[in-house]
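# Observations on the three-dimensional arrangement
Now for the letters of each chain:
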Amino acid sequence: MQNNFTIYNSLTRRKEKFEPLHPPFAGMYVCGPTVYSDTHLGHARPAVTFDLLYRYLMHLGYKVRYVRNITDVGHLENDADEGEDKIEKKARLEHLEPMEVVQMYMNTFHRNMDQLNTLKPSIEPRASGHIIEQQEFIRRIIDNGFAYEVNGSVYFNVEKYSRQYNYGKLSGRVLDELMANTRTLEGQDEKKNPFDFALWKKASPEHIMKWPSGWSEGFPGWHLECSVMSTKYLGEVFDIHGGGMDLLFPHHECEIAQSAAALGHESVRYWVHNNMITINGQKMARSLGNFITLDQLFSGDHPLLDQPYSPMTIRFFILQAHYRSTVDFSNEALKASEKGFQRLMKAVETLGMIKPSDKSTVDIQRLRKSCYEAMDDDMNTPVLLSNLFEGVKIINSVKDGSERISSADLESLTTLFREFIFGILGLREEEDARQDDRLIGNLVKIIIDLRQAAKVNRDFSTSDRIRQDLKDAGVVLNDKKDGADWELEK
Ligand code: ZN
């Protein structure tokens, strides 16, 4: 497959031409959410970033298998293998089964993802559904000499691994510095070194989510699921692994180590990371009171929000920044995005109405080329959007008669806008629902007028039938002197 797409690989720290292992197939694994709370802004950015990558790869002609996991077990409150399981804690506080917590927040996540118009992954595996595979993976790591068992728990031996492989190659952390900077914490004396990480944890008696194993009744360490499920569904070597930059260390560093220790080689060819979102310049955190869920953004129901912001405004806002830059949320920035998005949609509408001339005074091929160049350059969406706004200028100049466009160029511009705005950037018209409402209103009015005519002709069987049929369809008529009102049945 011929393409010029380059993507920044966090492992080599440079932009590389994207060349999948088995074209036209491409495999992509993205770390999904731990489903213990409402979907928030922090989830929106990787969701939109990797949806963009997925859409662009498909646009280029690749057959993409996109795997995004759901973490439903094993993610403890801190990264040092300590604390309660996040989902179990929520279940305890809310008096729910852990799997009820998982289902509830997974449903919210899926609903919010649909609102943001992200495409569904090809496979969405869950950690709790792959316990046997995870145990098998641990066994391979132990057999290869890179893990040890203590009191029913199994830990990864980072120091031993480092003698043969390069632990820290992704995050740039150096083991000697890690050794100097980590101190042994209370309760971590099971580990040979404080930076060793759990592959299997023996469960305490009150722990709910636990499974039998050769080592103990317990549960897998959080990092393990991604090594296991990515290679299960994409092969022992696959193309792209994505996630937020906050996952780079320790999560992805540990993933590399686990895969190399079990398989004898690394699995991932391109590591891709999106940068984070700040709110008014601050990190988003519950403790700072600036934690905004997507539902709150869409409804405007949060003290920090001046107004609701539609899903497409949020999507447009995220796309306005390059995925490797930080993005700062503020009301001003969001209002600007809302205007920008509306201007783009207005241009799409205008585009459908302009008439071609025999000759063009505008250069659509150059515009098309620069749109591809922007996406090929590590998905440079800010540059892509500025190119598309050049297209908006062209559309407006043709409309007001200061420029002309041939029918071939008009077709080319229409295709370009459709492919890039809707296909690749994944934006969509938000008036669809309102348009449907208007259409229904017009249709019901036509039917009411027909019924009125039947009554005037004393054709009461027809007028009664229309009333009954409408009722069956959920529309209730209230007769008045000069016609009827209607409402939807409650
Ligand atoms: Zn992961």
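Residues numbered from 1 in each chain as written. Predicted model: local features only at pLDDT ≥ 70, side-chain atom pairs only at ≥ 80, totals over all residues. Heavy atoms only, no water.

Attention now moves to the overall build of the protein chain. Of regular secondary structure, the protein chain possesses 16 helices and 15 strands. With the C-alpha coordinates aligned to their principal axes, the bounding extent of the protein chain is approximately 90 × 60 × 40 Å. Put simply, 73% of the contacts in the protein chain that link residues at least 6 apart link residues at least 24 apart. Of the roughly 23,200 Å² of accessible surface on the protein chain, a fraction of 49% belongs to carbon and sulfur atoms. (Helix = DSSP H or I, 4+ residues; strand = E, 2+ residues; numbered from the N terminus. Contact = heavy atoms within 4.5 Å. Areas by Shrake-Rupley, 256 points an atom, 1.4 Å probe, with all protein chains shown as cover.)

Another aspect to go through is the packing of helix H12 (residues 364–376) against helix H13 (residues 381–399). For the pair H12 and H13, interaxial distance at closest approach is 8 Å and the crossing angle is 165 degrees. With respect to each other, H12 and H13 are oriented roughly antiparallel. Relative to H13, H12 is oriented so that their crossing is left-handed. Contact with H12, carried on its side by Ile 364, Leu 367, Ser 370, Cys 371, Ala 374 and Met 375, involves Thr 381, Val 383, Leu 384, Asn 387, Leu 388, Glu 390, Gly 391 and Ile 394 of H13 and no other residues of that element. (Axes fitted to C-alpha atoms, helices over the stretch in contact; angles between N-to-C directions. Parallel < 35°, antiparallel > 145°, perpendicular 65-115°, else oblique. Left-handed = near helix turned anticlockwise from the far one by under 90°.)

Take the pairing of strand S7 (residues 197–202) next. Along S7, five of the six residues are buried, which leaves the element largely enclosed by surrounding structure. Both S7 and strand S8 (residues 218–220) contribute to a ladder of three bridges, which runs antiparallel. Among the inter-strand pairings, Trp 200 is bridged to a residue of S8, identified as Pro 220. (Buried < 20%, exposed > 50% of the residue type's maximum accessible area, 1.4 Å probe, protein only. Pairing = 2+ DSSP bridges.)

What follows deals with the sheet that holds strand S9 (residues 238–244). On the basis of which strands lie adjacent, the open sheet formed by four strands has the order S4-S3-S9-S10 and parallel pairing. Edge positions in the open sheet fall to strand S4 (63–68) and strand S10 (268–274), since each of these has one partner strand only. Going from strand to strand, the sheet's axes swing by 20 degrees on average, the running direction of each strand aside. The pairing of S9 with S10 spans six bridges and is parallel. When the bridges of S10 are listed, Phe 238 appears paired with Val 268. Packed onto the sheet, helix H7 (residues 224–234) meets strand S3 (25–30), S4 and S9 and runs at close to 160 degrees relative to S3.

Tetrahedral metal sites with four donors have an ideal angle of 109.5 degrees; octahedral sites with six donors have ideal angles of 90 or 180 degrees. Taken together, Cys 31 (SG), Cys 226 (SG) and His 251 (NE2) make up the protein donors of the zinc ion, found 2.1 Å from the metal. When the donors of the zinc ion are listed by position in the chain, the intervening gaps give C-x194-C-x24-H. Taken as a pair, Cys 31 in the loop between S3 and helix H1 (41–59) and Cys 226 in helix H7 lie far apart in primary sequence, 195 residues in all. Comparing Cys 31 with Cys 226 shows no difference in burial state: the two are buried. (Donors = N, O, S within 2.8 Å, 3.2 Å for Na, K, Ca; no water.)

This part covers helix H16 (residues 460–472). Over its 13 residues, H16 runs 18 Å from end to end, which matches the ideal 18 Å to within 8%, given 1.5 Å per residue. Of the positions making up H16, those classed as buried are Ser 463, Ile 466 and Leu 470. For H16, the angular spread of buried residues about the axis comes to 60 degrees, placing them on one side. Relative to its buried face, H16 has exposed residues pointing more than 90 degrees away, namely Ser 461, Arg 465 and Asp 472. After H16 finishes, the residue Gly 474 shows a positive phi value of roughly 95 degrees. (Expected span 1.5 Å × (residues − 1). Arc of directions from axis to C-beta.)

This part takes up the nonpolar core. Judged by nonpolar contacts, the single largest core of 92 residues is most densely connected at Leu 297, Phe 329, Leu 344, Leu 388 and Leu 413. Two domains each provide a minimum of three residues to this core, namely domain 1 (6–274) and domain 2 (279–424). Filtering out sequence-adjacent residues up to four positions away, Leu 297 remains in contact with Leu 41, Ile 292, Leu 305, Pro 308, Tyr 309, Ile 314, Phe 329 and Leu 334. (Core = buried A, V, L, I, M, F, W, Y, C linked by side-chain atoms within 4.5 Å. Domains from an automatic or database assignment.)

Now for the sheet that holds strand S12 (residues 282–283). Strand order in the open sheet formed by three strands is S12-S11-S13, with mixed pairing between adjacent strands. Strand pairing shows two members of the sheet lacking a second neighbour, S12 and strand S13 (327–329), which therefore form its edges. Pairing geometry for strand S11 (residues 277–279) and S12, over two bridges, is antiparallel. Counterpart to Ile 279 in the pairing with S12 is Gln 282.

Scanning all chains against the criterion turns up 17 aromatic pairs. Ring centres of Phe 316 and Phe 389 lie 6.5 Å apart, and the angle between their planes is 90 degrees; this geometry places the pair in the edge-to-face category. Here Phe 316 is found in helix H10 (residues 311–319), whereas its partner Phe 389 is found in helix H13, with 73 residues between them in sequence. Given a relative accessible area of 14%, Phe 389 falls into the buried group. The positively charged end of Lys 160 is found above the aromatic ring belonging to Phe 146, 6.0 Å away from the centroid. (Phe/Tyr/Trp six-rings, centres within 6.5 Å; stacked < 30°, edge-to-face > 60°. Lys NZ or Arg CZ within 6 Å of the ring centre and 35° of its normal.)

Another aspect to go through is the side chain of Gln 258. Note that Gln 258 resides in helix H8 (residues 248–263). There is a polar contact of 3.2 Å between the side chain of Gln 258 and the backbone oxygen of His 223. The residues contacting Gln 258, other than those within four sequence positions of it, are Phe 137, Ile 141, Phe 156, Phe 197, Leu 199, His 223, Leu 224 and Ser 227. (Polar contact = N/O pair within 3.5 Å; in protein donor to acceptor, adjacent residues only side chain to side chain.)

To continue, consider the environment of Asp 485. Of note, Asp 485 is situated in strand S15 (residues 483–488). For Asp 485, a relative accessible area of 37% gives the class partly exposed. A sequence separation of 37 residues divides Asp 485 from Ile 448, and the C-alpha atoms of the two residues are 8.7 Å apart. In this structure, Asp 485 is in contact with Val 476, Leu 477, Asn 478 and Lys 480, ignoring residues within four places of it in sequence.

Relative to each other, helix H11 (residues 331–351) and H13 sit at 45 degrees, their axes nearing to 10 Å. Accordingly, the angle class assigned to the pair H11 and H13 is oblique. The handedness of the crossing between H11 and H13 comes out as left-handed. Of the residues in H13, those touching H11 at Gly 340, Arg 343, Leu 344, Ala 347, Thr 350 and Leu 351 are Leu 385, Leu 388, Phe 389, Val 392, Ile 395 and Lys 399. Broken down by class, the residue content of the contact of H11 with H13 amounts to eight nonpolar, two polar and two charged. (Nonpolar A, V, L, I, M, F, W, Y, C, P; charged D, E, K, R; others polar.)

On the surface, a cluster of nonpolar side chains totalling about 400 Å² of accessible area is made up of Leu 439, Leu 443, Ile 446 and Leu 450. Among the structural elements, Leu 439 can be located in helix H15 (residues 432–456). (Patch = residues over 30% accessible without salt bridge, like charges linked within 9 Å, V, L, I, M, F, W, Y side chains within 5 Å. Salt bridge = Lys/Arg side-chain N within 4 Å of Asp/Glu carboxyl O.)

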